[in-house]
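Chains, contacts and geometry: an overview
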Amino acid sequence: MIKGSIKVLTGNIISYPFNIAKVFIIASALDPAIYGVFNLFTVILSYGLWCELGILSGMDKTIPFLRGKLNYEEVANVKNVAFTWFNIAYLALAVTLLVVSFFPFFSHSSEVNVGVRLLSVLVFTSALQNFYLTVLRADKKFGTIGITNAVLAVSSVLLLLLAYKSVFNKLYATLVALIMAYAISLLFCMLRSKLTFKINLSVSRLIRIIHTGFPLVIIGIGFTIFTSIDRWVIAKYLEKSQLGYYAFGVSISNLLFGMMSVFAYVIFPLIREKFGKDNDLLKFKLYIHKVMALMSYIVALTSCLLIASLPFMYKTFFYKYLAGIKSANFIIIGVFFISLATITGNFLVAVNKQRVIILDQAIGIILMLTGNYFVIKFTNNITGVAVVNAFLFSLYSI
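Residues numbered from 1 in each chain as written. Predicted model: local features only at pLDDT ≥ 70, side-chain atom pairs only at ≥ 80, totals over all residues. Heavy atoms only, no water.

1. Points about the overall build of the chain
Inclusion rule: The helix and strand labels rest on DSSP assignments: H or I over at least four residues marks a helix, E over at least two residues marks a strand, and numbering proceeds from the N terminus. Working definition: with a 1.4 Å probe on protein chains only, accessible area under 20% of the residue-type maximum means buried, over 50% means exposed, and in between means partly exposed. Residue contacts follow a heavy-atom distance rule, with two residues in contact if any of their heavy atoms lie within 4.5 Å.
On a plain count of helices and strands, the chain comes out with 14 helices and zero strands. Across the chain, helices and strands are ordered from the amino to the carboxyl terminus as α-α-α-α-α-α-α-α-α-α-α-α-α-α. Counting every position in the chain, which comprises 398 residues, the buried fraction comes to 50%. When contacts within the chain are restricted to residue pairs at least 6 apart in sequence, those whose partners lie at least 24 apart make up 82%.

2. What about helix α5 (residues 110-138)?
As a reminder of what qualifies: Multiplying one less than the number of residues by 1.5 Å gives the expected span of a helix.
Between its first and last C-alpha atoms α5 spans 42 Å; for 29 residues at 1.5 Å apiece the expected length is 42 Å, and the two agree. Of all 29 residues that make up α5, 21 are buried, and the element is covered over most of its length. In the segment just after α5, K140 is the residue with positive phi, at about 65 degrees.

3. Description of the pattern of salt bridges
Quick reminder of the rule: Only one rule defines a salt bridge in this text: a Lys or Arg side-chain nitrogen within 4 Å of an Asp or Glu carboxyl oxygen.
Within this structure, the stated rule accounts for two salt bridges. A salt bridge links R205 to E74, with the shortest nitrogen-to-oxygen separation between them at 2.7 Å. Pair noted here: R205 is in helix α8 (residues 203-226) and E74 is in helix α4 (residues 72-100), with a separation of 131 residues, a long-range link. By relative accessible area, R205 is classed as partly exposed at 21%. The exposure class assigned to E74 is buried, which follows from its relative accessible area of 16%. Here D230 ties to R231 by a salt bridge, and the two come within 3.6 Å at their closest N and O atoms. Exposure class is identical for D230 and R231. Each is buried.

4. Overview of the packing of aromatic side chains
Heads up, the condition is: Each aromatic pair joins two rings of Phe, Tyr and Trp (for Trp, the six-membered one) with centres within 6.5 Å, and gets the label stacked for planes under 30 degrees apart, edge-to-face for over 60, and tilted for any other angle. Placement of a positive charge over a ring is assigned whenever Lys NZ or Arg CZ falls within 6 Å of the ring centre and within 35 degrees of the normal to the ring plane.
Per the stated rule, a full pass over the model turns up 23 aromatic pairs. Relative to F374, the ring of Y373 lies with its centre 5.4 Å away and its plane at 80 degrees, an arrangement referred to as edge-to-face. Overall, the relative accessible area of 33% leaves Y373 in the partly exposed class. Judged by relative accessible area, which is 42%, F374 ranks as partly exposed. Cluster of aromatic residues (ring-pair linked, three or more members): F24, Y35, F38, F248, F312, Y314, F317, F318 and Y321. It is R117 that lies over the ring of F102; its NZ or CZ is 3.8 Å from the centre.

5. Observations concerning the side chain of N80
Looking at the element boundaries, N80 is found in helix α4. Each residue touching N80, except ones within four places of it in the same chain, is listed here: T196, F197, K198 and N200.

6. Observations concerning the packing of α4 against α5
Convention followed: To obtain each axis, a line is fitted to C-alpha atoms, and for helices this fit is confined to the stretch in contact; angles are then taken between N-to-C directions over 0 to 180 degrees. Here the word oblique covers every angle except those under 35 degrees (roughly parallel), over 145 (roughly antiparallel) and from 65 to 115 (roughly perpendicular). Two helices that cross are described as forming a left-handed crossing if the nearer one is turned anticlockwise from the farther one by less than a right angle, and a right-handed crossing if clockwise. Each residue gets one label: Ala, Val, Leu, Ile, Met, Phe, Trp, Tyr, Cys and Pro are nonpolar, Asp, Glu, Lys and Arg are charged, and the others, such as Gly, are polar.
For the pair α4 and α5, interaxial distance at closest approach is 8 Å and the crossing angle is 165 degrees. The angle between α4 and α5 falls in the class roughly antiparallel. You can see that α4 and α5 cross each other, and the crossing is right-handed. For the pair α4 and α5, the contacting residues are K79, A82, F83, F86, N87, Y90, L91, L93, A94, L97 and L98 in the first and V116, R117, S120, V123, F124, A127, L128, F131, Y132 and V135 in the second. Tallied by class, residues from the contact of α4 with α5 come to 17 nonpolar, two polar and two charged.

7. A short note on the environment of S185
The criterion, for reference: As used in this structure description, the phrase polar contact means that two N or O atoms lie within 3.5 Å; if the pair is within protein, one of them must be able to donate a hydrogen and the other to accept it, and residues adjacent in sequence are counted only when both atoms belong to side chains.
With respect to the helices, strands and loops of the structure, S185 is situated in helix α7 (residues 170-193). The spacing of S185 and T125 is 60 residues in sequence and 9.7 Å in space, taken between C-alpha atoms. Among residues more than four places away in sequence, those in contact with S185 are Q129, T148, V151 and L152. Within polar-contact distance, the side chain of S185 engages the backbone oxygen of Y182 at 3.0 Å.

8. Quick look at the nonpolar core
Inside soluble globular proteins, nonpolar side chains tend to come together where they are buried. For the record, the criterion: Take the buried residues of types Ala, Val, Leu, Ile, Met, Phe, Trp, Tyr and Cys, join any two whose side-chain atoms come within 4.5 Å, and each joined set is a nonpolar core.
Core analysis: the largest hydrophobic core is formed by 99 residues, its most contacted members being Y35, F131 and Y132. Per element, the largest residue contribution to this core is 14 residues, and it comes from α5. Ignoring anything within four residues of it in the chain, the contact list for F131 reads L56, M59, K79, A82, F83, F86 and F197.

9. A short note on the environment of F248
Summarising the element assignment, F248 is placed in helix α10 (residues 240-278). According to the relative accessible area criterion, F248 is buried, its value standing at 0%. In the structure, F248 is positioned 77 residues away from I325 in sequence and 9.2 Å away in space, judged by C-alpha atoms. Sequence-distant contacts of F248, defined by excluding residues within four places in its chain, comprise F24, A27, Y35, Y314, F318 and Y321.

Encoded structure:
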């Protein structure tokens, strides 16, 4: 487990500076209004991660259990069933996005319509890569996961730079480059892992897989909605440029969240392994408290450094987004709290307390939607939205 975590961590460390570069390259190439549209596309992409209704999570839990019982034949069956229905689900989603983009009522902007058609391809390629990485994690092939992540990050940066020189429309260039980057990393993953699957339409196995993974899907959907309502409200009631200013702050804060995710990817497998040995809930709570204390210091220090660097960053490199610098400060504060909430969330899932998370998310979504709506109606600015988010994220993390 420790060696596996180190391999994934190494790949993520290599990927991280390229992921930072990707965010900055895209923000520099796009105007604020178009950047706002692109960010909404990424939100749609994150929603699409859950259309498989728990097939990935269920497979990820089921395979180690079956392998522990030395039932390798059923392991193969589960993989094949998951692969078949996963592809059906995402092909259906991609086709739906493609068809809807041609409807007259969908959008009056031809640029948005074409963007959604490209997004349909990106949804499928990114989802398929995610499927392969999940199988590799279940098979404990962590080295390939780390290298695949690195290939994706590096190829994304190189292809974005190439696309911006070759394609006139920057939004199209961004989406095409990301599609190609996912396709390259997916092909690499397929060739290196040598994974093969067969078509298996077993409905009974599918139901068992979804039954295992569906509770985690509810949590994932709730978290995604909770953390993206702000941008939908801004897109509805304010100008596209305002959405772009706000979305750039979100992108910067996501780099902080991503760094904490790298840390958690290493720590939590060790905690789960320790818990699995003695099954002592009290000890598990003590481990969680220690990790939370450590991560609180790390996230707080990193957040302060990031906020302190914002004036120089905006004025020197991203002056066209300067109108969003105040909101970015509060967005980063919000991410500080929400990153800590993921720790307690992992703990609650581990001890089968998913209902607590789902209830908190439901309350949070209602408060977030109401708070953002009234703030925009009374203040008509994105800073108020960021303040509401930071406040509600802090409540959610308690």
